[in-house]
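# Fold and contact review
Each chain is listed here by its residues.
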Amino acid sequence: MSARVAMDTATPLVGGTGETGTIPGAQELTIGVVQFPGSLDERDAMRAVTLSGAQAVALWHGSESLFGVDAVILPGGFSYGDYLRCGAIARFAPLMTAVVDAAKGGMPVLGICNGFQVLCESHLLPGALIRNDHQKFVCRDQDLVIENAETAWTRDFAAGQTITIPLKNGEGGFVADTPTLDRLEGEGRVIARYHELNPNGSQRDIAGITNEAGNVVGLMPHPEHAVEAGFGTDSALGMRAGVDGQPFFTSVLTSLLQK
Amino acid sequence: MGRIVVEVMPKPEILDPQGKAIGTSLERMGLTGFSAVRQGKLFHLSVDGDVTEEALATAREAATSLLSNPVIEDVVSVRAADDQVDDR
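Conventions adopted
Residues numbered from 1 in each chain as written. Chains lettered and ligands numbered in written order. Predicted model: local features only at pLDDT ≥ 70, side-chain atom pairs only at ≥ 80, totals over all residues. Heavy atoms only, no water. Pairing = 2+ DSSP bridges. Helix = DSSP H or I, 4+ residues; strand = E, 2+ residues; numbered from the N terminus. Axes fitted to C-alpha atoms, helices over the stretch in contact; angles between N-to-C directions. Contact = heavy atoms within 4.5 Å. Salt bridge = Lys/Arg side-chain N within 4 Å of Asp/Glu carboxyl O. Buried < 20%, exposed > 50% of the residue type's maximum accessible area, 1.4 Å probe, protein only. Patch = residues over 30% accessible without salt bridge, like charges linked within 9 Å, V, L, I, M, F, W, Y side chains within 5 Å. Areas by Shrake-Rupley, 256 points an atom, 1.4 Å probe, with all protein chains shown as cover.

### Some words on the sheet that holds strand 1 (residues 2-10) of chain B
The pairing of strands in a sheet comes from backbone hydrogen bonds and takes either a parallel or an antiparallel form. All names here are of chain B. If you trace the three strands from one edge of the open sheet to the other, you get 2-1-3, paired in antiparallel fashion. Two strands bound the open sheet, and with one partner strand each, they are strand 2 (41-47) and strand 3 (73-80). Averaged over all neighbouring strand pairs, the angle between strand axes comes to 20 degrees, with direction disregarded. Lying over the sheet, helix 2 (residues 53-67) contacts strand 1, strand 2 and strand 3, oriented at roughly 160 degrees with respect to strand 3.

### Focus: the pattern of salt bridges
All names here are of chain A. This model, assessed by the stated rule, comprises twelve salt bridges over all chains. A salt bridge links Asp41 to Lys168; its shortest N-O distance comes to 3.0 Å. Of this pair, Asp41 sits in the loop between strand 1 (30-35) and helix 1 (42-52) while Lys168 sits in strand 7 (residues 162-169), and the two are 127 residues apart along the sequence. Taken individually, Asp41 and Lys168 each receive the classification buried, so the pair is uniform in this respect. One salt bridge connects Arg131 with Glu171, and the closest N-O pair in it is separated by 3.1 Å. In this pair, Arg131 is assigned in the loop between strand 5 (128-130) and strand 6 (138-146) and Glu171 in the loop between strand 7 and strand 8 (173-175), connecting sequence segments 40 residues apart.

### What about a nonpolar patch on the surface?
All names here are of chain A. Taken together, the side chains of Leu40, Phe78 and Phe137 define a hydrophobic patch exposed on the protein surface, amounting to about 300 Å² of accessible area. With respect to the element layout, Leu40 can be found in the loop between strand 1 and helix 1. A residue is classified by how much of its surface remains accessible, and Leu40, at 48% relative accessible area, is partly exposed.

### Overview of the pairing of strand 11 (residues 216-219) of chain A
Residue and element names in this part refer to chain A. Neither face of strand 11 is exposed, since Val216 and Gly218 on one face and Val217 and Leu219 on the opposite face are all buried. Of the strand pairs in this sheet, strand 4 (residues 109-112) and strand 11 are connected by four bridges, and their pairing is parallel. Along strand 11, the bridge assignment pairs Val109 with Val216. The loop that links strand 10 (residues 206-210) with its antiparallel partner strand 11 comprises five residues; one of these, Gly214, has a positive phi angle of about 80 degrees.

Written as C-alpha coordinates, this is what we have:
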(Lines give C-alpha, C1' and ligand atoms only; values in the text may rest on other atoms or scores of the structure.)
Protein backbone atom coordinates (compact mmCIF):
# COMPACT_ATOMS: atom_id res chain seq x y z
CA MET A 1 0.00 0.00 0.00
CA SER A 2 1.36 3.36 -0.87
CA ALA A 3 -0.16 6.72 -0.44
CA ARG A 4 0.38 9.36 -3.05
CA VAL A 5 1.42 12.55 -1.40
CA ALA A 6 1.08 15.83 -3.19
CA MET A 7 4.37 17.63 -2.89
CA ASP A 8 5.03 21.25 -3.42
CA THR A 9 8.53 21.50 -4.83
CA ALA A 10 9.07 24.53 -2.64
CA THR A 11 8.83 22.49 0.56
CA PRO A 12 11.71 20.42 1.87
CA LEU A 13 11.66 16.72 1.03
CA VAL A 14 13.73 15.76 4.04
CA GLY A 15 14.03 17.53 7.33
CA GLY A 16 12.81 21.02 7.94
CA THR A 17 13.96 24.38 6.77
CA GLY A 18 15.64 24.63 10.18
CA GLU A 19 17.14 27.98 10.93
CA THR A 20 16.56 29.26 7.41
CA GLY A 21 13.36 30.74 6.10
CA THR A 22 12.74 32.63 9.28
CA ILE A 23 14.17 36.04 8.42
CA PRO A 24 11.35 38.58 8.79
CA GLY A 25 10.65 40.33 5.50
CA ALA A 26 12.62 37.82 3.44
CA GLN A 27 9.54 36.56 1.63
CA GLU A 28 9.22 39.98 -0.03
CA LEU A 29 12.68 39.64 -1.61
CA THR A 30 13.22 38.19 -5.06
CA ILE A 31 16.48 36.55 -6.12
CA GLY A 32 16.94 35.95 -9.84
CA VAL A 33 18.79 32.86 -11.04
CA VAL A 34 20.05 33.14 -14.61
CA GLN A 35 19.65 30.25 -16.98
CA PHE A 36 22.14 30.07 -19.87
CA PRO A 37 22.12 27.29 -22.46
CA GLY A 38 24.13 24.61 -20.67
CA SER A 39 23.53 25.85 -17.13
CA LEU A 40 23.30 22.92 -14.76
CA ASP A 41 22.65 24.03 -11.21
CA GLU A 42 19.97 26.68 -11.62
CA ARG A 43 17.29 24.48 -10.06
CA ASP A 44 19.43 23.80 -6.99
CA ALA A 45 20.24 27.51 -6.71
CA MET A 46 16.55 28.39 -6.92
CA ARG A 47 15.74 25.82 -4.27
CA ALA A 48 18.48 27.22 -2.03
CA VAL A 49 16.87 30.66 -2.43
CA THR A 50 13.42 29.28 -1.63
CA LEU A 51 14.70 27.46 1.46
CA SER A 52 16.37 30.67 2.65
CA GLY A 53 12.92 32.27 2.73
CA ALA A 54 13.05 34.50 -0.37
CA GLN A 55 11.36 34.09 -3.74
CA ALA A 56 13.41 32.56 -6.54
CA VAL A 57 12.89 33.98 -10.03
CA ALA A 58 14.14 32.15 -13.12
CA LEU A 59 15.81 34.60 -15.50
CA TRP A 60 16.47 33.74 -19.14
CA HIS A 61 19.84 34.68 -20.67
CA GLY A 62 18.18 36.02 -23.82
CA SER A 63 16.06 38.52 -21.91
CA GLU A 64 17.20 42.11 -21.50
CA SER A 65 15.34 42.72 -18.22
CA LEU A 66 16.06 41.63 -14.67
CA PHE A 67 12.33 42.01 -13.91
CA GLY A 68 13.06 43.98 -10.76
CA VAL A 69 14.81 41.24 -8.80
CA ASP A 70 16.74 42.29 -5.70
CA ALA A 71 19.81 40.14 -6.38
CA VAL A 72 21.13 37.77 -9.03
CA ILE A 73 22.80 34.36 -8.94
CA LEU A 74 24.78 33.07 -11.93
CA PRO A 75 24.63 29.30 -11.43
CA GLY A 76 27.10 26.53 -12.11
CA GLY A 77 27.19 24.39 -15.21
CA PHE A 78 28.66 24.56 -18.67
CA SER A 79 27.17 27.61 -20.36
CA TYR A 80 27.48 27.31 -24.13
CA GLY A 81 29.24 23.98 -23.62
CA ASP A 82 32.30 25.82 -22.26
CA TYR A 83 33.06 26.68 -25.90
CA LEU A 84 35.95 29.10 -26.50
CA ARG A 85 36.64 29.64 -22.76
CA CYS A 86 34.40 28.90 -19.78
CA GLY A 87 31.96 31.78 -19.43
CA ALA A 88 33.32 33.69 -22.43
CA ILE A 89 30.20 33.44 -24.56
CA ALA A 90 27.70 33.71 -21.70
CA ARG A 91 29.33 37.01 -20.79
CA PHE A 92 27.90 38.50 -24.00
CA ALA A 93 24.36 37.15 -23.45
CA PRO A 94 21.74 39.95 -23.65
CA LEU A 95 20.85 39.63 -19.95
CA MET A 96 24.48 40.09 -18.89
CA THR A 97 24.41 43.76 -19.92
CA ALA A 98 21.68 44.31 -17.33
CA VAL A 99 23.50 42.16 -14.75
CA VAL A 100 26.76 44.09 -15.21
CA ASP A 101 24.95 47.46 -14.93
CA ALA A 102 23.05 46.33 -11.82
CA ALA A 103 26.21 44.93 -10.24
CA LYS A 104 28.03 48.22 -10.79
CA GLY A 105 25.03 49.92 -9.17
CA GLY A 106 25.44 47.79 -6.04
CA MET A 107 23.04 44.90 -6.63
CA PRO A 108 24.28 41.70 -4.95
CA VAL A 109 25.49 39.20 -7.56
CA LEU A 110 26.80 35.73 -6.73
CA GLY A 111 28.58 33.65 -9.36
CA ILE A 112 29.02 29.98 -8.50
CA CYS A 113 31.53 27.86 -10.46
CA ASN A 114 30.64 28.62 -14.10
CA GLY A 115 28.99 31.78 -12.74
CA PHE A 116 32.35 32.77 -11.21
CA GLN A 117 33.93 32.23 -14.63
CA VAL A 118 31.25 34.45 -16.22
CA LEU A 119 31.94 37.19 -13.63
CA CYS A 120 35.67 37.09 -14.42
CA GLU A 121 35.03 37.17 -18.16
CA SER A 122 32.66 40.12 -17.57
CA HIS A 123 35.46 41.95 -15.71
CA LEU A 124 33.21 42.33 -12.67
CA LEU A 125 35.90 40.35 -10.86
CA PRO A 126 39.64 40.26 -11.61
CA GLY A 127 41.61 37.20 -12.65
CA ALA A 128 40.58 34.14 -14.60
CA LEU A 129 39.90 30.45 -14.07
CA ILE A 130 41.94 27.91 -15.98
CA ARG A 131 42.04 24.14 -16.25
CA ASN A 132 42.89 22.32 -13.01
CA ASP A 133 46.66 21.93 -12.72
CA HIS A 134 46.33 18.13 -12.36
CA GLN A 135 44.25 18.04 -15.59
CA LYS A 136 41.40 16.05 -14.04
CA PHE A 137 37.83 16.96 -13.18
CA VAL A 138 37.47 17.00 -9.41
CA CYS A 139 34.32 16.31 -7.37
CA ARG A 140 34.55 16.24 -3.59
CA ASP A 141 33.30 17.69 -0.33
CA GLN A 142 35.72 20.59 0.12
CA ASP A 143 36.77 22.38 3.29
CA LEU A 144 37.02 26.16 3.04
CA VAL A 145 38.00 28.90 5.42
CA ILE A 146 35.81 31.98 5.23
CA GLU A 147 38.17 34.95 5.17
CA ASN A 148 35.84 37.87 4.61
CA ALA A 149 32.51 37.75 6.45
CA GLU A 150 31.47 41.25 5.45
CA THR A 151 30.34 40.85 1.84
CA ALA A 152 26.70 40.77 0.77
CA TRP A 153 26.94 37.00 0.43
CA THR A 154 29.10 36.04 3.45
CA ARG A 155 27.97 38.23 6.34
CA ASP A 156 26.13 35.41 8.11
CA PHE A 157 29.47 33.59 8.50
CA ALA A 158 32.21 34.40 11.00
CA ALA A 159 35.65 35.28 9.67
CA GLY A 160 37.96 32.29 10.15
CA GLN A 161 35.08 29.82 10.15
CA THR A 162 35.74 26.50 8.42
CA ILE A 163 32.92 25.14 6.29
CA THR A 164 32.43 22.13 4.00
CA ILE A 165 30.58 22.37 0.70
CA PRO A 166 30.71 20.36 -2.53
CA LEU A 167 33.25 21.26 -5.20
CA LYS A 168 33.05 20.00 -8.80
CA ASN A 169 35.07 21.56 -11.57
CA GLY A 170 37.43 20.92 -14.42
CA GLU A 171 38.55 24.51 -14.80
CA GLY A 172 38.68 25.94 -11.31
CA GLY A 173 42.26 27.13 -11.11
CA PHE A 174 42.14 30.78 -10.11
CA VAL A 175 44.95 32.80 -11.68
CA ALA A 176 45.86 36.48 -11.76
CA ASP A 177 49.10 38.43 -11.99
CA THR A 178 51.06 38.99 -8.77
CA PRO A 179 50.03 42.66 -8.28
CA THR A 180 46.35 41.65 -8.62
CA LEU A 181 46.77 38.80 -6.13
CA ASP A 182 48.56 41.12 -3.69
CA ARG A 183 45.81 43.72 -4.07
CA LEU A 184 43.05 41.12 -3.52
CA GLU A 185 44.74 39.90 -0.34
CA GLY A 186 45.67 43.39 0.85
CA GLU A 187 42.12 44.63 0.46
CA GLY A 188 40.58 41.56 2.13
CA ARG A 189 38.87 40.59 -1.07
CA VAL A 190 39.67 36.88 -0.84
CA ILE A 191 36.38 35.69 0.68
CA ALA A 192 37.26 32.00 1.00
CA ARG A 193 40.35 29.84 0.71
CA TYR A 194 40.71 26.09 0.22
CA HIS A 195 41.55 24.46 3.54
CA GLU A 196 44.24 21.76 3.84
CA LEU A 197 43.90 20.64 0.22
CA ASN A 198 44.05 22.83 -2.86
CA PRO A 199 41.88 20.87 -5.31
CA ASN A 200 42.68 22.66 -8.57
CA GLY A 201 45.92 24.61 -8.36
CA SER A 202 44.29 27.95 -7.58
CA GLN A 203 46.92 30.54 -6.77
CA ARG A 204 47.22 31.24 -3.05
CA ASP A 205 44.47 28.65 -2.40
CA ILE A 206 41.81 31.13 -3.51
CA ALA A 207 38.30 29.64 -3.67
CA GLY A 208 36.32 32.88 -3.88
CA ILE A 209 36.78 36.62 -4.24
CA THR A 210 34.70 39.78 -4.10
CA ASN A 211 34.73 43.15 -5.85
CA GLU A 212 35.74 46.39 -4.13
CA ALA A 213 32.19 47.15 -2.99
CA GLY A 214 31.58 43.64 -1.62
CA ASN A 215 28.33 43.13 -3.53
CA VAL A 216 29.74 40.85 -6.26
CA VAL A 217 31.11 37.49 -5.14
CA GLY A 218 32.54 34.66 -7.21
CA LEU A 219 32.97 31.22 -5.67
CA MET A 220 34.24 28.02 -7.30
CA PRO A 221 32.65 25.45 -4.90
CA HIS A 222 28.88 24.99 -4.69
CA PRO A 223 27.03 26.25 -1.59
CA GLU A 224 23.65 25.52 -3.25
CA HIS A 225 24.39 21.78 -2.94
CA ALA A 226 24.62 22.01 0.86
CA VAL A 227 21.46 23.76 2.01
CA GLU A 228 19.18 20.90 2.88
CA ALA A 229 19.64 18.02 5.33
CA GLY A 230 19.59 14.76 3.38
CA PHE A 231 21.06 16.35 0.27
CA GLY A 232 24.15 18.07 1.63
CA THR A 233 27.69 17.05 2.46
CA ASP A 234 28.60 14.19 4.76
CA SER A 235 29.09 15.62 8.23
CA ALA A 236 29.40 14.61 11.86
CA LEU A 237 25.61 14.81 12.03
CA GLY A 238 25.22 12.12 9.42
CA MET A 239 25.37 11.25 5.78
CA ARG A 240 24.54 14.24 3.56
CA ALA A 241 23.47 16.20 6.61
CA GLY A 242 25.85 19.11 6.05
CA VAL A 243 24.17 22.41 5.24
CA ASP A 244 27.15 24.77 5.42
CA GLY A 245 26.08 26.48 2.19
CA GLN A 246 22.97 28.04 3.74
CA PRO A 247 24.59 31.23 5.08
CA PHE A 248 25.52 32.37 1.55
CA PHE A 249 21.81 32.55 0.75
CA THR A 250 20.69 34.06 4.05
CA SER A 251 23.55 36.60 4.03
CA VAL A 252 22.17 38.32 0.95
CA LEU A 253 18.72 38.58 2.53
CA THR A 254 20.24 40.13 5.66
CA SER A 255 22.15 42.58 3.45
CA LEU A 256 19.11 43.55 1.42
CA LEU A 257 16.87 43.97 4.47
CA GLN A 258 19.39 46.21 6.22
CA LYS A 259 19.54 48.61 3.29
CA MET B 1 36.67 34.94 -50.53
CA GLY B 2 39.16 36.44 -48.09
CA ARG B 3 40.18 35.02 -44.79
CA ILE B 4 41.63 36.51 -41.63
CA VAL B 5 43.63 34.31 -39.28
CA VAL B 6 43.69 35.09 -35.57
CA GLU B 7 46.22 33.28 -33.41
CA VAL B 8 45.83 33.16 -29.62
CA MET B 9 48.26 31.56 -27.15
CA PRO B 10 48.22 31.20 -23.36
CA LYS B 11 50.56 33.74 -21.76
CA PRO B 12 54.03 32.28 -21.13
CA GLU B 13 53.69 32.67 -17.36
CA ILE B 14 50.30 30.91 -17.24
CA LEU B 15 50.33 27.18 -16.57
CA ASP B 16 48.99 25.26 -19.59
CA PRO B 17 47.74 21.88 -18.30
CA GLN B 18 46.45 20.88 -21.75
CA GLY B 19 49.84 21.47 -23.36
CA LYS B 20 51.47 19.58 -20.49
CA ALA B 21 49.16 16.58 -20.99
CA ILE B 22 49.90 16.57 -24.73
CA GLY B 23 53.63 16.75 -24.03
CA THR B 24 53.44 13.78 -21.67
CA SER B 25 51.49 11.80 -24.26
CA LEU B 26 54.01 12.58 -27.01
CA GLU B 27 56.81 11.34 -24.81
CA ARG B 28 54.91 8.13 -24.11
CA MET B 29 54.51 7.64 -27.86
CA GLY B 30 58.25 7.92 -28.28
CA LEU B 31 58.03 11.29 -30.01
CA THR B 32 60.69 12.82 -27.83
CA GLY B 33 62.88 15.85 -28.12
CA PHE B 34 60.32 18.54 -27.34
CA SER B 35 61.20 20.44 -24.18
CA ALA B 36 57.66 21.91 -23.89
CA VAL B 37 54.26 21.83 -25.57
CA ARG B 38 51.78 24.68 -25.31
CA GLN B 39 48.33 24.68 -26.84
CA GLY B 40 46.75 27.79 -28.33
CA LYS B 41 43.81 28.62 -30.58
CA LEU B 42 43.54 29.52 -34.24
CA PHE B 43 40.48 31.29 -35.65
CA HIS B 44 39.61 31.71 -39.33
CA LEU B 45 37.30 34.66 -40.01
CA SER B 46 36.04 34.63 -43.58
CA VAL B 47 34.86 37.72 -45.42
CA ASP B 48 33.15 38.27 -48.76
CA GLY B 49 35.69 39.68 -51.18
CA ASP B 50 39.20 40.73 -50.26
CA VAL B 51 40.42 41.35 -46.73
CA THR B 52 40.19 45.11 -46.20
CA GLU B 53 41.88 47.24 -43.55
CA GLU B 54 38.43 47.76 -42.06
CA ALA B 55 37.83 44.01 -41.80
CA LEU B 56 41.25 43.59 -40.17
CA ALA B 57 40.42 46.31 -37.65
CA THR B 58 37.14 44.57 -36.78
CA ALA B 59 39.00 41.26 -36.47
CA ARG B 60 41.52 42.88 -34.09
CA GLU B 61 38.62 44.06 -31.94
CA ALA B 62 37.09 40.57 -32.01
CA ALA B 63 40.47 39.12 -31.05
CA THR B 64 40.83 41.24 -27.92
CA SER B 65 37.15 41.32 -26.84
CA LEU B 66 35.90 37.76 -27.34
CA LEU B 67 38.49 35.49 -28.94
CA SER B 68 41.03 35.97 -26.15
CA ASN B 69 41.05 36.77 -22.44
CA PRO B 70 43.86 39.26 -21.78
CA VAL B 71 44.31 37.92 -18.24
CA ILE B 72 45.51 34.54 -19.46
CA GLU B 73 46.07 34.80 -23.21
CA ASP B 74 47.99 36.83 -25.80
CA VAL B 75 46.76 37.62 -29.30
CA VAL B 76 49.85 36.55 -31.24
CA SER B 77 48.70 37.69 -34.65
CA VAL B 78 45.75 38.97 -36.68
CA ARG B 79 46.55 38.73 -40.38
CA ALA B 80 45.04 38.12 -43.80
CA ALA B 81 45.65 34.56 -44.96
CA ASP B 82 47.99 34.62 -47.93
CA ASP B 83 46.41 31.67 -49.67
CA GLN B 84 43.04 31.75 -51.40
CA VAL B 85 40.70 29.02 -50.22
CA ASP B 86 37.01 28.54 -50.76
CA ASP B 87 35.05 28.71 -47.56
CA ARG B 88 33.11 25.50 -47.22
